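Descriptive structure summary
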Amino acid sequence: MARALARPIENPIRRLRLRVRGAVQGVGFRPFAYRTARTMRLSGFVLNDSAGVLIEIEGPDAGRFPDAIRTQAPPLARIDSIHVLELSPAGGKRFEILESLGGKSATRIGADAATCAECRCELTDPASRFFGYPFVNCTHCGPRFTITRALPYDRTQTSMASFPMCRACASDYIDPENRRFHAEPVACPDCGPSLSHSIAEIAARLEGGAIVALKGIGGFHLLCDARNDAAIDFLRLRKGRDQKPFAVMVAGIEAARQFARLSEAEEALLASPASPIVLVDARAGALSNLIAPGLARIGLMLAYAPLHHVLLDELACHSPHRPAALVATSANPGGEPLVADNADAERRLAAIADLIVTHDRDITVRADDSVMQVIDGAPAFIRRARGFVPEPVDLGEDGPAVIATGADLKNTICVTRGREAFLSQHIGGLNNAEAIRFQREVITHLCSILDVKPEFAASDLHPDFRSVRMAESLGLPVVAVQHHVAHVAAVVAEHRLSGPVLGLALDGHGFGADGTSWGGEMLIADGGHWRRAGSLASLPLPGGDRAAREPWRMGVAALQEAGCIDFASQLWPGHPGVAQLTAMFERGMQPSRTTSLGRLFDAAAAIAAIRLVQSYEGQAAMELEALVRAPRCLSDGYAIRDRVLDFRPLILHLAREGLSGADAADLFHGTLIAGLAEWAAREAASLGIPEVALGGGCLMNRVLAAGLAQALRDRGLKPYLPRLAPANDGGIALGQAAHARQVIMNENASAEESRTCA
């Protein structure tokens, strides 16, 4: 008797609710979910709400849907978590995209993104309605953070609210199959923003040697021809920027290769959606030598806005045999914040620019270009702003809402929400009224788009910092965090290190817990607790803050400390200040002292005849780094006594041998790396701690950072460099917030334990 074949068991119909959290609004996530559900023949809906994206799907293949959206998400989406809940089937034949729901926000908007390949194709396609349109965008690219006032991320909440869509754009906007579905900045020449001047006129003025102020995504750039010495000279004169390097913008990666020698990692960073300025090795003679005087690298970026693309394309038509290159520097006269408003540009840039080009899409919040470099094989920030803000740092656990007000130089703000820390865009030095206003503007905007009401504030220890006054003005309990503890805490937080961690804070200046000037510190960090385990040998700081601007002062001070001040007259003959300072030391002058590694760099640069006076912060150290060929160690160039690392033997050798230029740079860097590595390794061995967090502005020196990291690895240690925030004071706010949260949570735990015991 024949047996009946068994019937295959069909997949049961299931209904799932998915809560998707992360950067999932304004990046094409809803149409992506719609298309995925339709392809899998699932019914249900998707919508934006205050927590992210909510999806319900139903059908036999519902179980495969979560993996599909996790692995195939749109390019700008950042999924933090997907929570899945099983529901009872409800029936239904269609999958729909529903309207957004409001409420208290627990989601975030994405960062501004460079023009995508599809939009670039439309820019150059005469058949496209976006042909040559300098504001083309879609869900895969364009402005986000800089045009958004509040969440959820809908057009009415952005500066595009005043531009009603034409029929064609409205059709794209409501079509789930179109890549412009709910692209909030969508617009075309018939309905969108427009420029104050034609592209042809702007290009002609630049070709003629003019300086042009051009409104972009996060603010105005000052532009000029990067091959025109006279134009660059005028820009330096008018902006009051004597020698600080300028960034250069080119059309694409092929052009970039003609101006710089690029590694694979640098090319990937240049071409990323964030499109930062990247420090790269310049090709000699390709651009004006006035762009980065005394330095071997230039800051290069690719065109990231459609306006940049059409302008560089027009310039290429003028000179088809060579790629266009433009100096593109932030329009911030006199150290003030970036100009972003049309009327403000006319008022503040008229004395600098020959032509001011505006457009009528408002910049809700300004954001400078981010600046990065590749250190030890991976990207590292110099300035974190456009393209990365407001992407958060995951702190690994929930905690109180803290707002940290950073340092007075390279200021940023940090706000925590749950387990996330949101570091603001670069604000800059808080040394003028415009900067203070900008800082308040950033605090208000960041708290608004995150829908956070901070419970605590965190600040620096320095009694005279404006950032400290800002924290105190917020009406919140303030946790003061020592400057170098914050540097180390920032690294500990981003790498989510637990338990005791050895930290090296290598910096310019910070107010120490004992009231003195610190800057070369060995710290032990453990949650909200820390202690100073050692430091660099201190040096005199003649003239206080003037010593940071005049490296010759630190040169004389270092010679005095090394017991060879007689060399001063040989190294700097006829220098009146040197003679006077030498005489003061000989009469017994005892100035304040500092353990700062930054000031040691200044001393070496002065002794090696590289830089006696600085026109911008860090110039001497940068020029010293630029001369390095192959670091080498002076075997007896340092000493370690009672956890104090002393480089006086190196200083004495540089002076006695009269070393200068590359010879001095190689020996200084090599000895510095060896000394720091041995210093850290001794302490790590005594404590049994393998993790070493490296923070502070001196870690922006890629020779030092990469060399020290490798030297520590060679000794069996695990070094951690800053990756998600700048090593300099731009990352201080992150460290303040992270450390303050630990202090607060420790205090709360202790209070709870006391109540329980009672």
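In this report, we go over the structure that sits alongside the text. Please read these numbers as outputs of a predicted model, since none were measured by experiment.

**Description of the environment of P189**
Within the fold, P189 resides in the loop between helix 4 (167–174) and helix 5 (199–207). We classify P189 as partly exposed; its relative accessible area is 48%. Sequence spacing of P189 and R129 is 60 residues, and the spatial spacing of their C-alpha atoms is 7.7 Å. Ignoring any residue separated from it by four or fewer positions in sequence, one finds P189 in contact with R129 and Y133.

**A short note on the sheet that holds strand 4 (residues 78–87)**
Overall, mixed pairing links the five strands, which are arranged 4-1-3-2-5 in an open sheet. Lying at the two open borders of the sheet, with one neighbouring strand each, are strand 4 and strand 5 (95–97). For this sheet, the mean angle separating the axes of adjacent strands, direction not counted, is 15°. Bridge analysis of strand 1 (residues 14–23) against strand 4 gives nine bridges, and the strand direction is antiparallel. Across the sheet, R19 pairs through a bridge with H83, a residue of strand 4. The strands that helix 1 (residues 29–39) touches are strand 1, strand 2 (43–49), strand 3 (52–59), strand 4 and strand 5; relative to strand 5, the one it contacts most, it runs at about 170°.

**Notes on the side chain of S370**
Mapped onto the secondary structure, S370 falls in the loop between strand 13 (355–357) and strand 14 (371–375). A polar contact is formed between the side chain of S370 and the backbone oxygen of R386, at a distance of 2.8 Å.

**Some words on the environment of G510**
As for its placement among the helices and strands, G510 is situated in strand 22 (residues 501–511). The spatial distance from the C-alpha of G510 to the C-alpha of V485 is 10.0 Å, given a sequence separation of 25 residues. Setting aside anything within four residues of it in sequence, one finds G510 in contact with H483, H484, T516, S517 and W518.

**Describing helix 4**
What helix 4 keeps buried is the set C169, D172 and Y173. Angular distribution of buried residues about the axis of helix 4 spans 100°; they occupy a single face of the element. Facing away from the buried side of helix 4 by over 90 degrees, the exposed positions are R167 and I174.

**Some words on helix 15 (residues 551–561)**
With respect to burial, helix 15 is a largely interior element, nine of its eleven residues being buried. Buried within helix 15 are the following residues: P551, W552, R553, M554, G555, V556, A557, A558 and L559. Remark: G563 follows helix 15 within two positions and exhibits a positive phi of approximately 75°.

**Quick word on the pattern of salt bridges**
On inspection of all chains with the given rule, the structure shows 42 salt bridges. Across the pair R94 and E96 runs a salt bridge whose closest N-O atoms are separated by 2.5 Å. Relative accessible area serves as the criterion here: at 33%, E96 is assigned to the partly exposed category. For R238, the salt bridge identified is with D354, shortest N-O distance 3.0 Å. Highlighted residues: R238 in helix 6 (residues 229–239) and D354 in the loop between helix 10 (342–348) and strand 13, separated in sequence by 116 residues.

**Looking at the sheet that holds strand 21 (residues 478–481)**
Strand order in the open sheet formed by six strands is 16-19-18-17-20-21, with mixed pairing between adjacent strands. Only two strands of the sheet have a single neighbouring strand rather than two, namely strand 16 (393–394) and strand 21. Both strand 17 (residues 402–404) and strand 20 (residues 456–460) contribute to a ladder of three bridges, which runs parallel. Across the sheet, the residue bridging to I403 is A457, located in strand 20. Sitting on the sheet, helix 11 (residues 433–450) touches strand 17, strand 18 (414–417) and strand 19 (420–423), and the angle it makes with strand 18 is about 15°.

**Structural notes on the packing of aromatic side chains**
A complete count under the given rule lists seven aromatic pairs for this structure. Between Y638 and F647 the ring centres are 6.1 Å apart and the planes differ by 55°, which places this aromatic pair in the tilted class. Like Y638, the residue F647 is buried in the burial classification. Sitting above the plane of the F246 ring, R236 keeps its charged end 4.2 Å from the centroid. Geometry around Y304 places R386 over its ring, the cationic atom sitting 3.5 Å from the centre.

**Section: the state of the cysteines**
Considering all chains together, one arrives at zero disulfides under this definition. Among the cysteines around C191, which has no disulfide bond, C166 carries the closest sulfur, lying 3.7 Å off. Given the relative accessible area of 10%, C191 is considered buried. The thiol of C564 is unpaired, and the distance to the nearest cysteine sulfur, on C633, comes to 19 Å. Judged by its relative accessible area of 6%, C564 is buried.

**Observations regarding the pairing of strand 23 (residues 517–526)**
The side chains of a regular strand alternate, residue by residue, between the two faces of the sheet. Counted residue by residue, strand 23 has nine buried out of ten residues, so it is predominantly covered. Sheet analysis places strand 22 next to strand 23, joined by eight bridges and oriented antiparallel. Opposite A505, over in strand 23, you have E521 as the bridge partner. Counting the residues between successive antiparallel strands, the hairpin from strand 22 to strand 23 contains five residues, one of them, G515, with a positive phi of roughly 85°. Taking the residues that link successive antiparallel strands as the turn, the strand 23-strand 24 (residues 529–536) hairpin has two residues, and the phi of G527 there is positive, at about 65°.

Cut-offs and rules
Residues numbered from 1 in each chain as written. Predicted model: local features only at pLDDT ≥ 70, side-chain atom pairs only at ≥ 80, totals over all residues. Heavy atoms only, no water. Helix = DSSP H or I, 4+ residues; strand = E, 2+ residues; numbered from the N terminus. Buried < 20%, exposed > 50% of the residue type's maximum accessible area, 1.4 Å probe, protein only. Contact = heavy atoms within 4.5 Å. Pairing = 2+ DSSP bridges. Axes fitted to C-alpha atoms, helices over the stretch in contact; angles between N-to-C directions. Polar contact = N/O pair within 3.5 Å; in protein donor to acceptor, adjacent residues only side chain to side chain. Arc of directions from axis to C-beta. Salt bridge = Lys/Arg side-chain N within 4 Å of Asp/Glu carboxyl O. Phe/Tyr/Trp six-rings, centres within 6.5 Å; stacked < 30°, edge-to-face > 60°. Lys NZ or Arg CZ within 6 Å of the ring centre and 35° of its normal. Disulfide = S-S within 2.5 Å.

These results come straight from atomic positions and should not be treated as a statement about function.
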